[in-house]
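Observations on chain architecture
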Amino acid sequence: FTFSERSGSNKITFSTSNSKLTTVCEGSGRLSVKQFIHEAFLPAGFPQSVSPDYLSYQMWDSIQAAASSLSGIMASRAVLTTIGVGNETATPTAAVINWMIRDGTGMVGRITFSWYQGTDLDCNAKFWRMFADVTNDFAFAMDIISPQLPSYIHLPIMCGSSVLRSLVGVAGGATRASVTEHQARRNNMGDVSAKDSSQETAVSLFGLLLGLVITPYIDTDTKTYFAFVILTLLHIFSNYRAVSSLVMDKLNRQRAFIQVERFLTTFDGQNGSGKREENDEKEACDFEFSFFFHRKKEQKI
């Protein structure tokens, strides 16, 4: 029996012969750029250690993360304008109080949402992942338009966006755990989660550097709104492609209903033989999303 594992620039080979374990370490002492990228951003043993849909999901997830990072930069600039940055009449105390109220409202929203929907997040990971990112876009939109609104409505708008963002934190965090569990195929959830975090950090850093370059050129409201619409469309499209690429291998209520319905519609009652058609993954995903909104209706089979 022989088993090889790469650690850094070294290749370690374990072999057994005559009930003896032999270890051989080979290495050049140098780590190439390709090896560094592979080991820093991909789980050990890739692609055998992850699900078949890992690469497609992570690719679209990285695109949506970059779009969200750029939208967040514009939203942050708008929030700073709203609380009085650049306004000579604004005081630091008033800005801090507004910020505290905004954060406190978000904390209440996080607790309430966790209590109300906590048990549904795990079994409907695809829906709630999409919900989280669309809600995040709504929160960004509220932040971006807030400087153009009357001053007396600034605080309610900021609190509203904070509540939406708190929902994003709960739904996004819970569904990320479900997706990581699905992707990890060798009891390597920790490694998959760590590499996902590294990928997201690298994409956010890229978005930050790109934002430093393009933000000075987005200096009018029209340019800001146009850029935000483009980034939002890219963000939503990438998220839909990401969740559509996931092929979950565990049944929830929606997926169970899909399988039972297809079995009944393809069952030949005359000869008692079951005829199964090839599953169309895209059709199944679309149906799963639509069925979620009717999950409380009683299904008769």
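As a starting point, this report considers the structure included with it. Since we're looking at a predicted model, the values are computed, not measured.

**Concerning the packing of helix α1 (residues 33–41) against helix α6 (residues 189–214)**
Axis separation between α1 and α6 bottoms out at 7 Å; the angle between their running directions is 115°. In this structure, α1 uses E39, A40 and F41 to contact α6, whose residues at the interface are K195, S198, Q199 and A202. In terms of residue class, the contact of α1 with α6 is built from three nonpolar, two polar and two charged.

**Remarks on the environment of L231**
If you trace the backbone, L231 turns up in helix α7 (residues 221–245). The class of L231 is buried, set by a relative accessible area of 14%. It is 9.1 Å that separates the C-alpha atoms of L231 and A66, two residues lying 165 residues apart in sequence. The contacts of L231, once residues within four sequence positions are left out, are A67, L70, S71 and M74.

**A word on the nonpolar core**
Formed by A67, L70, M74, A75, F140, I144, I218, A227, F228 and L231, the largest nonpolar core amounts to 10 residues. With four residues, helix α2 (residues 54–82) is the largest single contributor of residues to this core. For A227, the residues in contact, after removing those within four places along its chain, are M74 and I218. Counting residues in hydrophobic clusters, the runner-up holds nine residues, among them F113, L121, W128 and L167.

**Brief notes about the pattern of salt bridges**
One pass over the full model with this rule turns up eight salt bridges. A salt bridge links R176 to D196; the nearest nitrogen and oxygen atoms lie 2.4 Å apart. Linking R176 in helix α5 (residues 154–183) with D196 in helix α6, this pair joins segments that are 20 residues apart in sequence. For D196, a relative accessible area of 7% gives the class buried. Among the charged side chains, a salt-bridge network with shared partners connects D61, R129 and D133.

**Points about the packing of aromatic side chains**
Enumeration according to the criterion identifies eight aromatic pairs in this entry. Three or more aromatic residues joined by ring pairs form one cluster here, namely F113, F127, W128 and F131. Looking at R102, its charged tip hangs above the ring of W99, at a distance of 4.7 Å from the centre.

**Structural notes on a nonpolar patch on the surface**
Residues L205, F206, L208, L209, L210, L212, V213, I214 and Y217 make up a contiguous nonpolar surface patch of roughly 900 Å² in combined accessible area. On the secondary structure map, V213 appears in helix α6.

Conventions used here
Residues numbered from 1 in each chain as written. Predicted model: local features only at pLDDT ≥ 70, side-chain atom pairs only at ≥ 80, totals over all residues. Heavy atoms only, no water. Axes fitted to C-alpha atoms, helices over the stretch in contact; angles between N-to-C directions. Helix = DSSP H or I, 4+ residues; strand = E, 2+ residues; numbered from the N terminus. Contact = heavy atoms within 4.5 Å. Nonpolar A, V, L, I, M, F, W, Y, C, P; charged D, E, K, R; others polar. Buried < 20%, exposed > 50% of the residue type's maximum accessible area, 1.4 Å probe, protein only. Core = buried A, V, L, I, M, F, W, Y, C linked by side-chain atoms within 4.5 Å. Salt bridge = Lys/Arg side-chain N within 4 Å of Asp/Glu carboxyl O. Phe/Tyr/Trp six-rings, centres within 6.5 Å; stacked < 30°, edge-to-face > 60°. Lys NZ or Arg CZ within 6 Å of the ring centre and 35° of its normal. Patch = residues over 30% accessible without salt bridge, like charges linked within 9 Å, V, L, I, M, F, W, Y side chains within 5 Å. Areas by Shrake-Rupley, 256 points an atom, 1.4 Å probe, with all protein chains shown as cover.

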